[in-house]
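Here are the chains, one letter per residue:
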Amino acid sequence: MNKVKNRILVLSGKGGVGKTTVAVNLALSLALSGKKTGILDADIHGPNVPKMLGLEDEKIKSKGNFMLPIEHKSKLKVISLGFLINEKDSVIWRGPMKHNLIKQFVDNVDWEELDYLIIDFPPGTGDEQISAAQLIGKITGAVIVSTPQKVAILDSVRTIDFCRKMNIPLIGIIENMSGGIFGKGTIAKIADENNIPFLGCLILDKEIAESGDNGKPFISDNSLSSDSFKAITNKILGACKNG
Ligand SMILES: Nc1ncnc2c1ncn2[C@@H]1O[C@H](COP(=O)(O)OP(=O)(O)OP(=O)(O)O)[C@@H](O)[C@H]1O
Ligand SMILES: [Mg+2]
């Protein structure tokens, strides 16, 4: 992993807010713009990255002691527990086993040279996240994803606090599923109050949900959401000094 220039975590305190959606679209957007990019799925209980990229039937091969990441047609390199287990298997592992797997994803994957590695975190700010963050090494920064409701906001404030206590630089926060039943505009305020950059909004959009289910990230469409997301991506890139 020492040939990886920028390591970006995507995280949230609350589950189901769109971390994997953001991580996959960010990684693909970078790969499509010609940057050497990888995505590491650090969610062991819900490894959804392969499904969202349409790679769920792929299996990992190895070369010597190293696993070879699966290559998406965009050249994006992908590693996930999803490539090593059956889709319907649950993973009933305690902390040390999860720690070891993430360690292998960091140390025993042939990532080669990468401009960006996007790391999709499981929800929360507990043992698993502490362990994963420590294994990643030098982290460029964290992108926090939140939905606009009050319950999500509280978890996001805790996630900001988690990053500060762990000395993880904060790239900023995204308001996902903005508009409609969840409300909108609350996350920009939270960003301001907590002195972190606001990266932008992604609306609650049926096409985004379908794109995840179909394994075709929405960033490749010419939609309003892909335009908003490109603006978000540019802000994230602006925060990476090793681009
Ligand atoms: N802006 C959006 N509009 C509509 N649906 C969305 C949007 N963002 C994400 N989704 C959908 O919401 C569901 C949850 O998203 P996702 O899996 O990315 O969340 P997550 O934070 O990674 O969840 P987990 O905490 O379980 O890892 C998915 O079905 C996804 O397609
Ligand atoms: Mg996820």
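See the structure shown above.
Residues numbered from 1 in each chain as written. Chains lettered and ligands numbered in written order. Predicted model: local features only at pLDDT ≥ 70, side-chain atom pairs only at ≥ 80, totals over all residues. Heavy atoms only, no water.

1. Structural notes on the state of the cysteines
All chains considered together, the criterion is met by zero disulfides. The thiol of Cys 201 is not disulfide-bonded; the next cysteine sulfur, from Cys 163, is found 20 Å away. For Cys 240, which is in no disulfide, the shortest distance to another cysteine sulfur is to Cys 163 and amounts to 14 Å. Judged by its relative accessible area of 8%, Cys 240 is buried. (Disulfide = S-S within 2.5 Å. Buried < 20%, exposed > 50% of the residue type's maximum accessible area, 1.4 Å probe, protein only.)

2. A word on the layout of surface pockets
Any space left empty among the atoms is revealed by the rolling of a water-sized probe across them. When its volume is computed, the largest pocket comes out at roughly 400 Å³. As for the largest pocket, its lining consists of 22 residues, and the residues nearest its centre are Gly 16, Gly 18, Thr 20, Thr 21 and Met 52. At the level of secondary structure, the elements contributing two or more residues to the lining of the largest pocket comprise helix H1 (19–32), helix H2 (49–52), strand E9 (170–178) and helix H7 (206–214). The element contributing the most residues to the lining of the largest pocket is H7, with four residues. Each residue belonging to the lining of the largest pocket can be placed in one class, and the counts come to eight nonpolar, nine polar and five charged. (1 Å grid on protein atoms, 1.4 Å probe; cavity = no way out; pocket = protein on both sides within 12 Å on 5 of 7 lines; lining within 4 Å. Points joined across faces, edges and corners; volume = space filled by probe spheres on them. Helix = DSSP H or I, 4+ residues; strand = E, 2+ residues; numbered from the N terminus. Nonpolar A, V, L, I, M, F, W, Y, C, P; charged D, E, K, R; others polar.)

3. Considering the site of ligand 1
The local shell around ligand 1 holds 17 residues, among which Gly 16, Lys 19, Thr 20, Thr 21 and Asn 176 are the closest. Thr 20 places a polar side-chain atom, nitrogen or oxygen, 2.8 Å from an oxygen atom of ligand 1. Here an oxygen atom of ligand 1 and a side-chain polar atom of Asp 43 are 3.4 Å apart. In isolation ligand 1 has 640 Å² of accessible area, and contact with the protein removes 81% of it. Here ligand 1 is seated within the largest pocket. Of all elements in the fold, only H1, E9 and H7 reach the threshold of two or more residues within the shell around ligand 1. Looking at the shell around ligand 1 residue by residue, the classes come out as eight nonpolar, six polar and three charged. (Near = heavy atom within 4 Å. Polar contact = N/O pair within 3.5 Å; in protein donor to acceptor, adjacent residues only side chain to side chain. Areas by Shrake-Rupley, 256 points an atom, 1.4 Å probe, with all protein chains shown as cover. Sits in = over half its atoms within 2 Å of the grid points.)

4. Considerations on the sheet that holds E9
If you walk across this open sheet you meet the eight strands as E5-E6-E2-E7-E1-E8-E9-E10, and the pairing is mixed. The open sheet is flanked by strand E5 (70–71) and strand E10 (198–203), the only strands paired with a single partner. The sheet contact formed by strand E8 (residues 141–146) and E9 spans five bridges and is parallel. Following the sheet pairing, Ile 144 is matched in E9 by Ile 173. Across the sheet, helix H5 (residues 150–165) is in contact with strand E1 (4–11), E8 and E9; its angle to E8 comes to roughly 170 degrees. (Pairing = 2+ DSSP bridges. Contact = heavy atoms within 4.5 Å. Axes fitted to C-alpha atoms, helices over the stretch in contact; angles between N-to-C directions.)

5. A look at the side chain of Asp 115
Tracing the backbone shows Asp 115 in strand E7 (residues 114–120). Judged by relative accessible area, which is 14%, Asp 115 ranks as buried. Dropping the residues within four chain positions of it, Asp 115 is found in contact with Lys 5, Asn 6, Lys 35 and Lys 36.

6. Here we look at the packing of H5 against helix H6 (residues 186–193)
With their axes 11 Å apart at the nearest point, H5 and H6 run at an angle of 30 degrees to one another. By the criterion of interaxial angle, the relationship of H5 to H6 is roughly parallel. Between H5 and H6 lies a crossing whose hand is right-handed. For the pair H5 and H6, contact is made by Ile 153, Val 157 and Ile 160 and by Thr 186, Ile 187 and Ile 190, respectively. (Parallel < 35°, antiparallel > 145°, perpendicular 65-115°, else oblique. Left-handed = near helix turned anticlockwise from the far one by under 90°.)

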